[in-house]
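What follows is each chain in one-letter form.
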Amino acid sequence: MREYGFNFDTTYTDLPKHFFSKHKPEPVNKPDLVIINNQLAASMGLDFSDLTEKEKAELFAGNYLPEGCTPYSQAYAGHQFGHFTVLGDGRAYNWGEHITPAGSRLDIQFKGSGRTPYSRGGDGKAVLGPMLREYIISEALYHLGVPTTRSLAVVTTGEQVRRETMLPGAILTRIASSHIRVGTFEFASNFKDKQSVEKLMNYTIQRHYPELRESQNKALDLIKAVMERQANLIVSWMKIGFIHGVMNTDNMTLSGETIDYGPCAFLDEYKPNTVFSSIDRRGRYSFDNQPIIAQWNIARLAETLLPFVNKDPHKAIKLGEQTISEFPDLCKQKWLAMMRSKLGLFDGRPEDEKIISDLLDWMQKNNLNYINTFRNLTRQDQPIGRIYEQKSFIDWWLRWQSRLKKESKSYKSSISLMSDTNPVVIPRNHIVEEVLKEAHRGNFKPLRKLLIVLEKPYDDLELNRDYQLPPNPNERIYETYCGT
Ligand code: AMP
Ligand code: MG
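Residues numbered from 1 in each chain as written. Chains lettered and ligands numbered in written order. Predicted model: local features only at pLDDT ≥ 70, side-chain atom pairs only at ≥ 80, totals over all residues. Heavy atoms only, no water.

A. Representation of the side chain of His208 within the structure. Relative to the helices and strands, His208 is located in helix H5 (residues 194-208). In this structure His208 comes out as buried when scored by relative accessible area, which is 8%. Of note is the side chain of His208, whose polar atom sits 2.8 Å from the side chain of Ser178. With residues up to four places along the chain from it excluded, the contact list for His208 reads Ser177, Ser178, Ile180, Arg229 and Ser255. (Helix = DSSP H or I, 4+ residues; strand = E, 2+ residues; numbered from the N terminus. Buried < 20%, exposed > 50% of the residue type's maximum accessible area, 1.4 Å probe, protein only. Polar contact = N/O pair within 3.5 Å; in protein donor to acceptor, adjacent residues only side chain to side chain. Contact = heavy atoms within 4.5 Å.)

B. Quick look at the pairing of strand S9 (residues 166-176). A large share of S9 lies buried, amounting to nine of its eleven residues. In this sheet, S9 lies alongside strand S7 (residues 105-111) in antiparallel orientation, the contact comprising five bridges. Each bridged residue has a counterpart across the sheet, and for Ile108 the counterpart in S9 is Ile175. Between strand S8 (residues 150-162) and the antiparallel strand that follows it, S9, lie three residues. (Pairing = 2+ DSSP bridges.)

C. Structural view of the coordination of the magnesium ion (ligand 2). Listed as protein donors to the magnesium ion (ligand 2) are Asn251 (OD1) and Asp260 (OD); their distances from the metal cover 2.0 to 2.1 Å. For the pair Asn251 and Asp260, one class covers both residues: buried. (Donors = N, O, S within 2.8 Å, 3.2 Å for Na, K, Ca; no water.)

D. Spatial organisation of the packing of aromatic side chains. Applying the stated criterion across every chain, the model contains 26 aromatic pairs. Both rings, one in Tyr12 and one in Tyr203, keep their centres 5.6 Å apart while their planes meet at 75°; by these two values the pair is edge-to-face. Residue Tyr12 is located in the segment before strand S1 (20-22), and its partner Tyr203 is located in helix H5; the two are separated by 191 residues in the primary sequence. According to the relative accessible area criterion, Tyr12 is buried, its value standing at 1%. Between Trp95 and Phe110, the aromatic rings sit 5.1 Å apart at their centres with planes inclined by 80°, giving edge-to-face as the arrangement. With Trp95 in strand S6 (residues 92-99) and Phe110 in strand S7, this pair connects stretches of sequence that are 15 residues apart. Using a relative accessible area of 0% as the deciding quantity, one classes Trp95 as buried. When the ring centre of Tyr76 is taken as origin, the NZ or CZ atom of Arg181, which lies over that ring, is 4.3 Å away. Cation over ring: Arg300 sits above Trp296, and NZ or CZ is 4.4 Å from the ring centre. (Phe/Tyr/Trp six-rings, centres within 6.5 Å; stacked < 30°, edge-to-face > 60°. Lys NZ or Arg CZ within 6 Å of the ring centre and 35° of its normal.)

Shown next, in the form of structure tokens:
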């Protein structure tokens, strides 16, 4: 019998030894379970129902390692705010790869479980607020239909951790289809040999892009495939007004999943140059800069793969540049398709782009809420409210209505497409902050309620009415912190 359904089959440690470092987490004195994701556990074939709360806490604190678990941390490097640096899992380690009953291979990882060989000056710890923040936002993105790592559990360690003040230590267990980052390739290319990059490339293809195994030019095709997934990812962020906040190359996965939720946040009013991260002083990672930064990051990945694109370095660079230069248009086309569906448009017509940009301009000019405005349009009649009585809006609305009449599908289908594309609830920044404040006081009820609400983000339910309201001026969040 496998313990609780854990089914480890770890392959990452078959890579050359310099890609990882095997070691065990530090035991924890007084672990307490804050939250466990039973739905996710069930989908992974895991069942903890025989365990007491205390036993669950011990398990998710790393005091007890299930059979087959072979803990290791990963080496990586990365460009942080444009500057190259050595990084690695300084406060995380993988339990290993678990195979689900459906056959998916998933990394199970601890975050905040003590120092590792990659910790540099850090303490290897994490604190409760940021770990719950990652839990909330990653689960919200999952239910909103955005590719993402997920969260299985959070425990407190009973220890106080020094940050600006002393804060409760915590460990997050997260699940990812892998933790291979652009920065993992940068690590191999800058510090190791050509064979290491090749092995990592083949490993990545085997794990995430098996259709490329027989490709004539694996490196170039991998770049193209990553471009496709990253374009989908960024556009799905833009659909829901999400700002990642720290799109460093070490925070970009080869799988195309959102990873490393630090100072991320959601647009309230539609202001495309919004930045929330307290460390992003220049707006590098603002809402509308995300496609540009994704391209920049993919260029860093491509640099590591050039020796395999073509033996002739000049030809390799030319091919790489040509390929990456297609990224802005790829993103633009996907963005247009996404924005069309936000407006109930199935067919593509030349006038659509102007209809979309005129609406966005009007929203920006009037400081309107990104989520609520699209939701207010998701109905049969003209939206109600003073702002919608403006002549500029009525003109736009009539133009949009006549565009909808040209659709090959029914009006009803358009409304239903809009309902599936425009969320009713997102984890609004001010609500998340309030929930975290309560959690710090030991009150986890608001956290549990928020997580239930976030499970059905596209349904207009009695349960989620309070969560639909935009922040009052005094509730508005202007900055979020890494809080590491
Ligand atoms: P992040 O901001 O979480 O993406 O982390 C950036 C880098 O800093 C990664 O290499 C982390 O492992 C490392 N790091 C973050 N917090 C700590 C910590 N408390 N102790 C050691 N390393 C850390
Ligand atoms: Mg990171």
